[in-house]
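Chain by chain, the residues run as shown.
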Amino acid sequence: MKNRKSVRHTYLAGVAMILMACFSGGCTLAVPDAGTEGQGDQLIGAFITSEYLDLYDMEGYLNDHASSLMRNDSITIGSDERYEGKLMATVDKGEGKPSSEWKISFGNIKGEYMLMPVTRDADGNTSVGNLCSESICDSYLNYNVTDEGEEQEVKGKVYQIPSETEQIYYVNPVYQKENGEIYAMSGNGYSNGSETTEGDTIAATLSGEAVFTENGKSQKKTSTVTIQFASMYKPVRTILYQMNDANQVLKQVAYKPSAIPDTLKVEPGTAYIIEETHKEKPDGKIITARTLLNLQQDGEENVYLETWYPLSNGLISKKEVEIQ
């Protein structure tokens, strides 16, 4: 794994932004307490962008410190949380739909998201959903309630297509207010470097803690969000071979990766499927990867084949094809 690093985004004129260091291929950011008592803003996920999310209210800061500037006093821009802007999300909850099916956007800013929004029913019961965009793979959600408070954790993978130039992705923390409003704040950039090969990974972890009062008792809400960036060469062609016990090909079909069907009806006598994926490296060379799916699995009612397809944003998503 090469050139793993957290990209430091800085303002000109000596503006310093606080960034984290990377250890063992992973990075951790402890988010300042966004949930002071009475506010309860809770970290619920990440909004991933290819551009830095510049939300700092520079004009407001300079207006409030005009007198210091007139006296030629020294000021440090970027050190006051009061000027850290928020990017409010628009959420379409539909009618009675679970939070995993909400439609969410952050204005005209394009990006990918992995969220665990909190909802409460009329009786005050809390539930946490897993709301992810198409490029988030292998998402995992854990929610736990104890006497001391609530703990929630979400993990996911983002597969990126390597290129001959360095790619930077910014992991922006996303919070939810007590009234349900969702917003993002500026985060940090991550890159595997300019010489990335398939299989290289780097992880970004956000952690936050909010304090709230319930029945006169102070409790904590702790949240952990982990995004693992993994490199994968671009899938350009997928061939599925249906094989019998005698290792003979019963049926062979080639697909564009984006055109693989959601379900696949196999021929009678099919014992296993060979998935052959042709991938394109940054230099244009085509390599082949093969996986085998055994259909003779005891006790397995539903069998799925994992396939991969490229997105227009330079990322790769996974489709689970149901075998019938």
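Residues numbered from 1 in each chain as written. Predicted model: local features only at pLDDT ≥ 70, side-chain atom pairs only at ≥ 80, totals over all residues. Heavy atoms only, no water.

## Brief notes about the overall build of the chain
Secondary structure assignment for the chain yields two helices and 25 strands. Going through the 324 residues of the chain one by one, you find that 45% of them count as buried. For the chain, contacts bridging at least 24 residues in sequence account for 61% of all contacts bridging at least 6. A total of about 17400 Å² of accessible surface is found on the chain, and carbon and sulfur atoms cover 45% of it. (Helix = DSSP H or I, 4+ residues; strand = E, 2+ residues; numbered from the N terminus. Buried < 20%, exposed > 50% of the residue type's maximum accessible area, 1.4 Å probe, protein only. Contact = heavy atoms within 4.5 Å. Areas by Shrake-Rupley, 256 points an atom, 1.4 Å probe, with all protein chains shown as cover.)

## Considering the pairing of strand β14 (residues 169–176)
Of all eight residues that make up β14, eight are buried, and the element is covered over most of its length. Side chains Y169, V171, P173 and Y175 project from β14 onto one buried face, and the interleaved Y170, N172, V174 and Q176 project onto a second face that is buried too. Where strand β4 (residues 42–49) and β14 come together, seven bridges link them in antiparallel fashion. Its bridge partner lying in β14, G45 is registered against V174. Inspection of the sheet shows β14 paired to strand β16 (residues 188–191) by three bridges, in the antiparallel sense. Of the residues in β16, the one forming a bridge with Y170 is G189. (Pairing = 2+ DSSP bridges.)

## Re the nonpolar core
It is characteristic of soluble globular proteins that their nonpolar side chains tend to be buried jointly. In terms of nonpolar packing, the biggest core is built from 40 residues, with F47, I104, F106, V174, V225 and F229 touching the most fellow members. Put simply, the parts of the chain that give this core at least two residues each are β4, β8 (112–115), β13 (149–160), β14, β15 (182–184), β17 (201–214) and β18 (217–231). Element by element, the count of residues in this core is highest for β4, at five residues. Residues in contact with I104, not counting those within four places in the same chain, are A89, T90, V91, Y113, L115, L131 and I182. Counting 12 residues, the second-largest nonpolar core is a separate cluster that includes L264, L293, V303 and V321. (Core = buried A, V, L, I, M, F, W, Y, C linked by side-chain atoms within 4.5 Å.)

## Regarding the pairing of β13
Within a regular strand, side chains alternate between the sheet's two faces. Inspection of the sheet shows strand β12 (residues 136–146) paired to β13 by nine bridges, in the antiparallel sense. Residue pairing for β13: C137 is matched across the bridge by K157. Turn length for the β12-β13 hairpin, with the two strands adjacent in sequence and antiparallel, is two residues. With 12 bridges joining them, β13 and β18 adopt parallel strand pairing. Counted as the bridge partner of V154 is V225 from β18. Alignment of β13 against strand β25 (residues 315–323), held across two bridges, turns out to be antiparallel. Within β25, the residue paired with Q160 across the bridge is L315.

## Quick word on the packing of aromatic side chains
Inspection of the entire model under this criterion finds six aromatic pairs. Geometrically, the ring pair formed by F47 and F106 is stacked, given 4.2 Å between the ring centres and 25° between the ring planes. One end of the pair, F47, is in strand β4; the other, F106, is in the loop between β7 (103–105) and β8, with 59 residues separating them in the sequence. Each member of the pair F47 and F106 is classed as buried. Considering the side-chain rings of Y169 and F229, the 5.9 Å spacing of their centres and the 20° angle between planes classify their relative orientation as stacked. (Phe/Tyr/Trp six-rings, centres within 6.5 Å; stacked < 30°, edge-to-face > 60°.)

## Observations concerning the confidence of the model for the chain
Averaged over every residue, the pLDDT of the chain is 81; the share at 70 or more is 77%. Under a pLDDT of 50 for its full length, residues 1–38 has, in the predicted model, 94 contacts with residues more than four places off or in other chains. (pLDDT = per-residue confidence, 0-100.)

## Observations regarding the side chain of S135
Along the polypeptide, S135 turns up in the loop between β11 (131–132) and β12. Setting aside its immediate chain neighbours within four residues, S135 contacts E112, K157, V158, L311, L315, I316 and S317.

## Some points on the pattern of salt bridges
Tallied over the entire structure, the rule returns nine salt bridges. Of the charged contacts in the structure, one is a salt bridge between E181 and K177, with a shortest N-O distance of 3.3 Å. For E181, a relative accessible area of 37% corresponds to the partly exposed category. Classification of K177 by relative accessible area gives partly exposed; the value is 25%. D262 serves as the salt-bridge partner of K319, at 3.2 Å between the closest nitrogen and oxygen. Here K319 is found in strand β25, whereas its partner D262 is found in the loop between β20 (249–255) and β21 (263–264), with 57 residues between them in sequence. Salt bridges sharing partners connect three or more residues here, namely D138, E306 and K318. (Salt bridge = Lys/Arg side-chain N within 4 Å of Asp/Glu carboxyl O.)

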